[in-house]
Amino acid sequence: MVLLLSAVLAGCTSLPVTERFSTPGVIIPLYVYPGGDGLHAWDAVAVATRRVSSVPVLVVVNPGNGPGLVADSNYRSVITELSGAGAEPVAYVALGYGRRSLREVHADLRRWRRLYPSVRGVFFDEVPVPNDRLSWREARRYVADISSYARGRRFSGTLIGNPGTAAPADYSAPDAFDLVVVHEDRWWPAPEALEGGPRAEHSVVLVYGDGVWDASRARRLAEEGRFLFVDDHSLDITGTGSSPWTFFPSNLEEQMQLLQEHGRTP
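For the structure given in this document, a descriptive report is provided here. (Residues numbered from 1 in each chain as written. Predicted model: local features only at pLDDT ≥ 70, side-chain atom pairs only at ≥ 80, totals over all residues. Heavy atoms only, no water.)

Another aspect to go through is the pattern of salt bridges. Per the stated rule, a full pass over the model turns up 10 salt bridges. For Arg100, the salt bridge goes to Asp108, with nearest N and O atoms at 2.9 Å. Classification of Asp108 as buried rests on a relative accessible area of 3%. Across the pair Asp170 and Arg140 runs a salt bridge, and its minimum N-O distance is 3.1 Å. Within this pair, whereas Asp170 is found in the loop between β5 (159-162) and β6 (179-185), its partner Arg140 is found in helix α5 (residues 136-152), the two being separated by 30 residues in sequence. Put simply, Arg100, Asp108 and Arg111 are held in one network by salt bridges that share partners. (Salt bridge = Lys/Arg side-chain N within 4 Å of Asp/Glu carboxyl O. Buried < 20%, exposed > 50% of the residue type's maximum accessible area, 1.4 Å probe, protein only. Helix = DSSP H or I, 4+ residues; strand = E, 2+ residues; numbered from the N terminus.)

Rendered as structure tokens:
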């Protein structure tokens, strides 16, 4: 794979995350189809967003491990509904930990812009980090390229990177991501595990599993300024349990109210 570094966010007009959001919010990987039983989850997010309007709500939209090949009217409808409620729908783009070529990633971003033009943010999943296969320079160039390309394609919303493991602190630099998922697992992160990565106000913690909600842990993370979402698997939306994110928590509003009361951005 050839790694080419594009111009670094030339002409980017997006505000820093600390200026865009006055409090940390929730980032919801809503990987259920917006039809049938799955529509209830999308409606619940819209309702909670209206009721707790001061808390940012970012919803990851993923029609088919990306935008798919044709526009789906149901997705277009819920994207419009969420935007009207005050949430920010963000486009799912998988990077394969750097195994996907830049050409493939760019094509996904162009399809998102063509099929769902009202989506302004991007959730980059499977973000590469320096390892035995990729040097620091290669991984960093890859990240800078996709971020620059997204901004050049008028993705003026929030750019989120999810490496699925510890990420370098500079992944929240201006030429990288606005927010970085620093933890995604079935258990809560130990405080020391969050040290040395992106600053708290640029970080996201995702926790999922049966009965994992813990208000005291959530409060501590909110007070640090971290974005948070806890899917305690109270509701199995699809009936299959095929993925951690085919469930939905019954206490979304409680989570948002906790962020409203205790969350801060330094």
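The eight strands lie next to each other as β1-β2-β3-β4-β5-β6-β7-β8, forming an open sheet whose pairing is parallel. Looking at strand neighbours, the two that pair on one side only are β1 (26-29) and β8 (227-231), the edges of this open sheet. This sheet shows a mean twist of 25 degrees between the axes of neighbouring strands, independent of strand direction. As paired strands, strand β2 (residues 57-61) and strand β3 (residues 88-94) are joined by four bridges and run parallel to one another. Looking at β3, one finds that Val60 is bridged to Val90. Sheet strands touched by helix α2 (residues 39-51): β1 and β2. Its angle to β2, the strand with the most contacts, is close to 160 degrees. (Pairing = 2+ DSSP bridges. Axes fitted to C-alpha atoms, helices over the stretch in contact; angles between N-to-C directions. Contact = heavy atoms within 4.5 Å.)

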